Amino acid sequence: MELKDMTEKEQEQISQGLPTAEISDKEAAEKILALVPQEWIKKIPFFVRKHATTKTIERIAHDYPELYAVAKREGDLPEKEREQLRQIITDIFDEKMKKHKIKED
């Protein structure tokens, strides 16, 4: 997907700069993003990748504060929480990628 493949409104938003979330705990964000298949991340156009990833982490922190708190702890994620977060973040990415016709199924 390239910029020309997006709607005029999306192109305008991108040229103005898409909003990104301020992530307070970068280590927690990295742990959570590591649960997303890397080929999915690579399919997100580079010019919207930071927006997509930071907003997804922000959404998880807001909607699942107890799981985000676990991710903020030092060390690896416990198995149960890792699987819960993996399901949540892959569902979010799957939904958004389908919406923007990024991921081929």
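Residues numbered from 1 in each chain as written. Predicted model: local features only at pLDDT ≥ 70, side-chain atom pairs only at ≥ 80, totals over all residues. Heavy atoms only, no water.

Section: the overall build of the protein
Counting secondary structure elements, the protein contains 6 helices and 0 strands. Each helix (α) and strand (β) of the protein, taken in turn from the N terminus, gives the series α-α-α-α-α-α. Residues classed as buried in the protein amount to 35% of the 105 residues present. The contacts of the protein with a sequence gap of at least 6 include a subset with a gap of at least 24, amounting to 77%. Accessible area of the protein: about 7,100 Å², with a carbon and sulfur share of 49%. (Helix = DSSP H or I, 4+ residues; strand = E, 2+ residues; numbered from the N terminus. Buried < 20%, exposed > 50% of the residue type's maximum accessible area, 1.4 Å probe, protein only. Contact = heavy atoms within 4.5 Å. Areas by Shrake-Rupley, 256 points an atom, 1.4 Å probe, with all protein chains shown as cover.)

Considering the side chain of D25
Here D25 shows up in the loop between α1 (8-16) and α2 (26-33). Despite being buried, D25 has no salt bridge partner; K72 is the closest side chain of opposite charge, sitting 5.1 Å away. A polar contact of 3.2 Å, which involves the side chain of D25, links it to the backbone nitrogen of E27. Here A28 takes part through its backbone nitrogen, which lies 2.9 Å from a polar atom of the side chain of D25. (Lys, Arg positive; Asp, Glu negative; His and termini not counted. Salt bridge = Lys/Arg side-chain N within 4 Å of Asp/Glu carboxyl O. Polar contact = N/O pair within 3.5 Å; in protein donor to acceptor, adjacent residues only side chain to side chain.)

A closer look at the confidence of the model for the protein
Taken residue by residue, the protein gives an average pLDDT of 86. The fraction at 70 or more is 81%. At the low end of the mean pLDDT range in the protein sits α1, at 69; at the high end sits helix α5 (residues 65-72), at 95. (pLDDT = per-residue confidence, 0-100.)

Quick look at the packing of aromatic side chains
For the structure shown, the criterion picks out 1 aromatic pair. Taking the centre distance of 5.3 Å and the plane angle of 85° together, the rings of F46 and F47 count as edge-to-face. (Phe/Tyr/Trp six-rings, centres within 6.5 Å; stacked < 30°, edge-to-face > 60°.)

Some points on the nonpolar core
In summary, soluble globular proteins display a tendency toward joint burial of nonpolar side chains. I32, I57, I60, L85, I89 and F93 are the most contacted members of the largest nonpolar core, which has 24 residues in total. The element that contributes the greatest number of residues to this core is helix α6 (residues 79-99), accounting for 6 residues. (Core = buried A, V, L, I, M, F, W, Y, C linked by side-chain atoms within 4.5 Å.)

Points about α2
Among the residues of α2, A28, A29, K31 and I32 are the ones counted as buried. With its buried residues spanning 160° around the axis, α2 presents them on a single face. The exposed set on the far side of α2, more than 90 degrees from its buried face, consists of K26 and E30. Tucked inside the fold, the buried residues of α2 contact α4 (46-63), α5 and α6. For α2, the side-chain oxygen to backbone nitrogen distance between the N-cap and E27 is 3.2 Å, and the N-cap itself is D25. (Arc of directions from axis to C-beta.)

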